[in-house]
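Report on the structure
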Amino acid sequence: MEEVNLNQFTAEAPPSGMSKNGYFFQEMEQREAEQEEGSEGREEGQDSPIACGDDIHLYDNQISPGPDTDDSGCVLLNTSRKYVTLMNFEEEIRAHRDLDGFLARASILLDETAASLDDVLKRMLHHVGHDSHTSEPSCNFEDVMSMLFTDAGAQEVNDKSQSFVFFDDVHLLSETIQGVTATATGVQYQQSWLCILCNVKHLQRRHVCISRLERPQNWGENCCEVRYVILILAPLKMKSTKTAMELGRTFATLFSDISFRQKLLETKTQEEFKEALVFQRHQLTAVNQQPTALGKEETDPRSHKPLKCQDFFKAGRGIYEDLCRRLPFYPSDFTDGIVGSNKTLLKYMTTAIFLYIAILLPAIAFGSLNDESTRGEIDVRKTIIGQSIGGVIYSLFAGSPLVIPLTTAPLAIFISVIRGICDDYNLDFPAFYACIGLWNCLFLILGGIFNVSLLMKLFKRSTEEVIALFISIAFVVDAVKGTVKIFQRYYNAPTLTNRSIEIFPQAGDLLGGNRSGVAAGLALNALPESVIHCSRERPVLCLLLMLGTLWMGYTLYQFKRSPFLHAKMREVLSDCALPISVLMFSFIGSYVFSDIELPVFKVHDRPIFKVAPFERLSPMNVLSAMGLGFLLALLIFIDQNIVVSLTNAPENRLLKGTAYHWDLMLSGLINILMSVLGLPWMHAAFPHSTLHVRQLAFVEQRVEGGHLYETIVQVKETRLTSLAANIFIGVSVLLLPIPLQWIPKPVLYGLFLYIALTSIDGNQMCDRMALLLKEQTSYPPTHYIRKVPQRKIHYFTFLQMMQLLVLCTFGMYPIPYMKMIFPLLMILLIPIRNNVLPRIIEAKYLDIMDAQHM
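In this text, all values refer to a predicted model and were calculated from it rather than measured experimentally.

Quick look at the confidence of the model for the protein
- On average, residues of the protein score 76 in pLDDT, and 77% of them are at 70 or above.
- For residues 152-170, every residue scores under 50 in pLDDT, and the model assigns this stretch 36 contacts once sequence neighbours within four places are set aside.

Some words on the side chain of Thr 350
- Relative to the helices and strands, Thr 350 is located in helix α12 (residues 345-374).
- The exposure class assigned to Thr 350 is buried, which follows from its relative accessible area of 4%.
- Side-chain polar atoms of Thr 350 contact the backbone oxygen of Lys 347, separated by 3.0 Å.
- Here Thr 350 is in contact with Val 572, Asp 575, Cys 576 and Gln 695, once residues within four sequence places are set aside.

Details of the pairing of strand β9 (residues 193-200)
- Judged by how many residues are buried, β9 sits mostly within the fold: seven of eight residues are covered.
- Two elements, β9 and strand β11 (residues 226-235), share eight bridges in a ladder whose sense is parallel. Note that in β11 the partner of Ile 196 across the bridge is Leu 231.

Regarding the packing of helix α22 (residues 577-592) against helix α27 (residues 745-759)
- Two numbers describe how α22 lies on α27: the axes approach to 10 Å, and their chain directions differ by 155 degrees. Considering their axes alone, α22 and α27 lie roughly antiparallel with respect to each other. The two elements α22 and α27 cross, and the hand of that crossing is right-handed. Of α27, the residues touching α22 (which contributes Ala 577, Leu 578, Val 582, Phe 585 and Ser 586) are Val 747, Leu 751 and Tyr 754.
- Its residues assigned to classes, the contact of α22 with α27 comprises seven nonpolar, one polar and no charged.

A look at the nonpolar core
- Core analysis: the largest hydrophobic core is formed by 123 residues, its most contacted members being Ile 364, Ile 384, Phe 432, Ile 467, Trp 681 and Leu 807.
- The greatest single-element share of this core, amounting to 14 residues, is contributed by helix α23 (residues 619-647).
- Not counting chain neighbours up to four residues away, the residues in contact with Ile 364 comprise Val 380, Ile 384, Phe 601, Leu 740 and Leu 748.

Overview of the packing of aromatic side chains
- In total, this model carries 16 aromatic pairs according to the counting rule given.
- Here the aromatic rings of Trp 439 and Phe 443 are separated by 6.2 Å at their centres, their planes lie at 25 degrees, and the arrangement is stacked. Within this pair, Trp 439 and its partner Phe 443 are both found in helix α15 (residues 429-449), separated by four residues, close to a single helical turn.
- By relative accessible area, Phe 443 is classed as partly exposed at 25%.

The rules behind each value
Residues numbered from 1 in each chain as written. Predicted model: local features only at pLDDT ≥ 70, side-chain atom pairs only at ≥ 80, totals over all residues. Heavy atoms only, no water. pLDDT = per-residue confidence, 0-100. Contact = heavy atoms within 4.5 Å. Helix = DSSP H or I, 4+ residues; strand = E, 2+ residues; numbered from the N terminus. Buried < 20%, exposed > 50% of the residue type's maximum accessible area, 1.4 Å probe, protein only. Polar contact = N/O pair within 3.5 Å; in protein donor to acceptor, adjacent residues only side chain to side chain. Pairing = 2+ DSSP bridges. Axes fitted to C-alpha atoms, helices over the stretch in contact; angles between N-to-C directions. Parallel < 35°, antiparallel > 145°, perpendicular 65-115°, else oblique. Left-handed = near helix turned anticlockwise from the far one by under 90°. Nonpolar A, V, L, I, M, F, W, Y, C, P; charged D, E, K, R; others polar. Core = buried A, V, L, I, M, F, W, Y, C linked by side-chain atoms within 4.5 Å. Phe/Tyr/Trp six-rings, centres within 6.5 Å; stacked < 30°, edge-to-face > 60°.

Here it is as structure tokens:
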């Protein structure tokens, strides 16, 4: 075998440039008088990323899927713009032989540092040429480099308007295979891998080389995040099942799985890389042999089976099949990411810290709100204890362990209304509260037994997003209300506390009379700080702390998209954005500005557990509590199921299944304990649950039409993060009142703003609302932009905004009893979407706008 001379590659290989499924370069020169500048431009082009796409006049709308194409899945696209079927590992024996042959003579390059396509291919050919298993004495691998490309010739184009002459020198990769996904959005390229084929005349056998790049490289449109390059070399004349195309099909089928590509990123050695290939082959072989989950089409509210009345009379069927679906995965909920080669301990630790802060601070905030409304019956200490108990139970036994239960703002409002009713009718609050809670739990348990969660079939994505956006707005309103109260109390002229005139008679003289502002300020310095009730620096500092917490948290949250530091460090900073922000601004508020007293939550020294005195209620009181219990059950039912639905959305790629009915009954069982002990109720919380999924997710980025999209590759479905977070929350009771009181209320309000802002990521309603403020040339290439008339999109968005406005009016209006009918309004969104909107906008357009953008 001849030795490869890398120096010759530099002269023979075409320069880097632009590509479509491969390689495209365009030189631009001015007229002869400006040739020098033109040559400088070419030198810059050598190092420029490969930008590709419609420059070579190959448009997506020219692609016509063949009859075997799965509209919802991935297929392979050849350079000829024809679809290639995926290799069937269960039936085609050649797939296994191809992989076995590669494993026996593996050519794998891990963490390749080369950035340009030229350099990567040179390194791969050099590796194949020096492989001890390779014996190709008649083949010159130097010539193979030039054979990888085809020269389309040169063409002169005279652009008189710009006084330029273009000399197009077009170089394309001879033959490639790339994965494309046909979804509602249209044809989308899998941009993280590229399979390059080449038929070489003098080769004696086939060769495969796989290169994993150290970091994603931008080689142009449809190749903007290339991480893997597969090079296939085959003799010119081969058996039809052994051609370069057939061998390429085998490896392209393996790499078309997004979760498999993520697993390859986690491998550190060639042996681990080979093991991942073997495991993926096993998965592809067994995929059609796996039986369908028992009863999935009958009890899963997300199935496409039509809803029938008799489904509600199969008592216990939904819970039984939920348990049959989830119990086989129960051990893996504790071992995934802990046992085996793919350990993710660091991600688990950062996620647990995130959850600890994200759960504890809202618990403190809502506990403080409950403390004020119930006059200490339910305080911060009880809220933290209840959160820990309920959270631990839920994380151990729930069918959807990524869902986070929490006491929420609607529940806090409901509790304040109950306190008002008790005051109006002279009822014992702990007993009446417990009675309402027990009725609520009864309805929830009955709902789980009789499969009422099947009603989620009637909820469309747009309805869920309206409710989710309302919850986000509620967080913003709570933060704004708290800040406004601080300003109303303190942002006035300096005043004195009660009886301070009696204690310090000179205080009235100092502030009295016709003194100037400067003189009054100097006079205040002569008084002890304890008698000054109000000063303006306090509310201003509160505002800065709230906005600073939001700014730092969101900046660090977006830090993973920046080019700074190492990728792993960026991920850690992004995952710990909220804890870092809270700790930083708590330190600033409580230590740096320690001379300014900030508002903090109160802590009472009362017994935590106290069984409700039911004997103080009359039978009429018990019956009247049933109506309130039903409204409360309706509220928890809707929130619980919508949060579980959003958590298990298809784009999150959760694999272990759902358990709507079991989780609903579990919520009822947990709230029995909460009610009897006088602890605040809880249910699945948005957006904490979806943020939990995002924290445990591995993502892959793609560029489409100039817009960056993140696709979730894999989510570690574990119980450990929420379990650890809730255990730490229970231990935090020992930190009351100090040091938890060092967290000022404005930092809690900043947390609310952070949660609201990060929760709107992926909300299509927010994206469509943003279209109203954008020029049309800036519209992203989403599926509804391509398939729905613009006017219909804006009509639909306006109608959603009207529904949101009605929810906000009834949910946030200061009249307490109006908030009691809020759950009924959420139920009314179902007939509005299914019966009213189709009369205004065609049903086909509504279904498109409710589809997922994958």
